[in-house]
Amino acid sequence: MTDTIRAILAILEQDRPPELKIAAAQILGELAPKDAAVVRGLEQRPSVGEDFISRHVLAALGAIGNAGATRVLVQQLDGKHPDLAAHLLAELGDSAVDVLAAAFEGASHESRLRILGILARASSPKVAEVAEQALLVPEFSKRAAD
């Protein structure tokens, strides 16, 4: 991680004005550094009390789009902004399929519905495996039959 990225990430952790924190998250989204340390730094931001920044942090994670960022977005399907997380995951397309498929079995009912909706737009063969898994869940098989 460069010193510049480290300094931008530090802004999110300091007691700084909200506008500056939002700008820092947006800059990280534009730069989209693939560094795992950046993802770890952003990972804890959506769950803290500063709701004004969480949407921007999620957007930065979506722009980064590596496996670590994708896992954080999947966790946020049960967070404060599940629709935004689902939208960002859908934008990642086939690159998010493996992480979504792995998360499906242990996810909450609402998250499973969102995961299925996201995967329905993907073209990976793994989608069929998750759809088959979903049909074994009584609530989903009933819904599919209806």
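Residues numbered from 1 in each chain as written. Predicted model: local features only at pLDDT ≥ 70, side-chain atom pairs only at ≥ 80, totals over all residues. Heavy atoms only, no water.

## A look at the nonpolar core
To be explicit about the condition: Remark: nonpolar core denotes a set of buried residues (Ala, Val, Leu, Ile, Met, Phe, Trp, Tyr, Cys) joined through side-chain atoms within 4.5 Å. Any residue under 20% of the maximum accessible area for its type is buried, any over 50% is exposed, and the rest in between are partly exposed; the area is computed with a 1.4 Å probe on protein chains only. Here, residues are in contact when the closest pair of their heavy atoms is within 4.5 Å.
Leu-12, Leu-28, Leu-42, Leu-61, Leu-89 and Leu-100 are the most contacted members of the largest nonpolar core, which totals 45 residues. With near-sequence residues (within four places) excluded, Leu-61 lies in contact with Val-39, Leu-42, Ala-69, Val-72 and Leu-73.

## Description of the packing of helix H4 (residues 51-64) against helix H6 (residues 82-92)
Helix-helix packing is characterised by the crossing angle of the two axes and by the distance between the axes. Selection rule: For helices, the fitted line uses only the C-alpha atoms of the stretch in contact; every axis is such a line through C-alpha atoms, and the angle between N-to-C directions lies from 0 to 180 degrees. Starting at the N terminus, helices and strands are each numbered in turn, a helix being any DSSP run of H or I of at least four residues and a strand any DSSP run of E of at least two. Note on angle classes: values under 35 degrees are labelled roughly parallel, values over 145 roughly antiparallel, values of 65 to 115 roughly perpendicular, and the remainder oblique. For a crossing to be left-handed, the near helix must be turned anticlockwise from the far one by less than a right angle; the clockwise case is right-handed.
With their axes 10 Å apart at the nearest point, H4 and H6 run at an angle of 15° to one another. The angle between the axes of H4 and H6 places the two elements in the roughly parallel class. Note on packing geometry: the crossing formed by H4 with H6 is right-handed. For the pair H4 and H6, the contacting residues are Arg-55, Leu-58, Ala-59 and Gly-62 in the first and Leu-84, Leu-88 and Leu-92 in the second.

## Quick look at the side chain of His-81
The test is simple: Whenever a nitrogen or oxygen atom comes within 3.5 Å of another N or O atom, the pair is scored as a polar contact, on the condition that within protein one atom can donate a hydrogen and the other can accept it, and that pairs from neighbouring residues in sequence are kept only if both atoms are in side chains.
With respect to the element layout, His-81 can be found in the loop between helix H5 (67-75) and H6. When its relative accessible area of 9% is taken as the criterion, His-81 is described as buried. At a separation of 2.9 Å, a polar atom in the side chain of His-81 contacts the side chain of Ser-54. The contacts of His-81, once residues within four sequence positions are left out, are Asp-51, Ser-54, Arg-55, Leu-58 and Gln-76.

## Concerning the confidence of the model for the protein chain
Which entries qualify depends on this criterion: In predicted models, pLDDT denotes the confidence assigned by the predictor to each residue on a 0 to 100 scale.
With 96% of its residues at a pLDDT of 70 or more, the protein chain shows a mean pLDDT of 90. Of all secondary-structure elements in the protein chain, the lowest mean pLDDT belongs to helix H10 (residues 138-145), at 75, while H6 reaches the highest, 96.

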